[in-house]
Amino acid sequence: MNEVRLESVRDSRYLDAMLADNMPPYAPSRYQTLSGLLAVLRQRWMTVLLVAVGVLALGIGAYYLISSYAATTTIEINKDDPTDSGAGQMNGAALTADDIKDEVTTDVSILQTDDDLALDVIGKLHLVDDPSFKKAVVPSEKGRPLNQAPLTSKKALGIFRSKLKIDSPADTRLITISYKNPDPVVAATVANQMAKTFIDHTVSRRQRSIRNSTTLLQGELEELKARMEKSEQALADYERNT
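Residues numbered from 1 in each chain as written. Predicted model: local features only at pLDDT ≥ 70, side-chain atom pairs only at ≥ 80, totals over all residues. Heavy atoms only, no water.

Student: So what's going on with the packing of helix H5 (residues 97-113) against helix H8 (residues 184-241)? Residues and values would help.
Tutor: For the pair H5 and H8, the least separation of the axes is 11 Å and the interaxial angle reads 115 degrees. Read as a crossing pair, H5 and H8 show a hand that is right-handed. Residues Glu103, Asp107, Ile110 and Leu111 of H5 form the contact with H8, whose participating residues are Met194, Phe198, Arg205 and Arg206. For the contact of H5 with H8, a count of residues per class yields 4 nonpolar, no polar and 4 charged. (Axes fitted to C-alpha atoms, helices over the stretch in contact; angles between N-to-C directions. Helix = DSSP H or I, 4+ residues; strand = E, 2+ residues; numbered from the N terminus. Left-handed = near helix turned anticlockwise from the far one by under 90°. Contact = heavy atoms within 4.5 Å. Nonpolar A, V, L, I, M, F, W, Y, C, P; charged D, E, K, R; others polar.)

Following this line, the structure appears as structure tokens:
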């Protein structure tokens with residue numbers, strides 16, 4: 001008996017031809033051509049714009065967050081110890097809680113608004129030479145000291161105060177002084193110098209007040225002494241004539 005064998009077709013050209021006949025015509029995706037991409041962008045321009053703005057904002061925020069350092073120093077308004085007789089004799093009666101609160105409020109206001117204090121710090125540390133103050137220097141006043149450069153001083157004060165933060169935790173005798181700068185060393189130096197200069201100004205102000213009070217008291221004592229001498233002389237004259 002003769003055997004019949006069926007063999008599979010192995011001609012690849014034949015298979016390719018069959019597949020080609022059964023596949024739809026090739027059409028490139030619109031994402032694979034320049035004109036297609038432009039068309040997609042035109043259709044979705046608002047979404048693309050919002051994404052771009054969001055990425056830019058995040059990038060700017062991250063840059064300033066990373067490149068800016070804040071240093072903080074703390075001042076304590078000391079309460080006089082009523083058991084310290086020496087302090088009582090020198091400073092008068094011990095401060096009450098309300099006295100301390102008023103003192104803290106006053107000191108915070110001075111730190112925030114006193115132009116002489118801020119300019120003293122700016123001048124001592126030569127902050128106008130710091131890159132963060134480059135916009136403060138007016139060309140016509142370049143090289144002049146701050147007391148002879150009013151326009152530069154005004155701009156420098158604005159920049160200085162924009163980086164300075166003064167705060168006082170509630171119900172405490174503490175005042176915090178914070179300063180921001182891209183250089184952490186500069187930030188710490190300014191915060192510490194602000195505290196030191198404030199203390200120096202406070203001591204000087206109190207010394208002037210004491211000197212003025214002393215001068216006033218001396219004047220009153222001299223006037224009282226003159227009155228007493230006049231009265232004694234009048235009494236002596238009266239006794240001599242009677």
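Continuing now.
Student: Pulling in residues and values, what's your account of the pairing of strand S3 (residues 174-181)?
Tutor: Side-chain direction in a regular strand flips from residue to residue, so the side chains alternate between the two faces of the sheet. Burial analysis of S3 places 6 of its 8 residues in the buried class, which makes it a mostly covered element. With 8 bridges joining them, strand S1 (residues 69-76) and S3 adopt antiparallel strand pairing. From the neighbouring strand, threonine 72 faces S3, where its bridge partner is serine 178. Judged from the 4 bridges that link them, strand S2 (residues 164-167) and S3 form a sheet pairing that is antiparallel. Opposite aspartate 167, over in S3, you have threonine 176 as the bridge partner. (Buried < 20%, exposed > 50% of the residue type's maximum accessible area, 1.4 Å probe, protein only. Pairing = 2+ DSSP bridges.)

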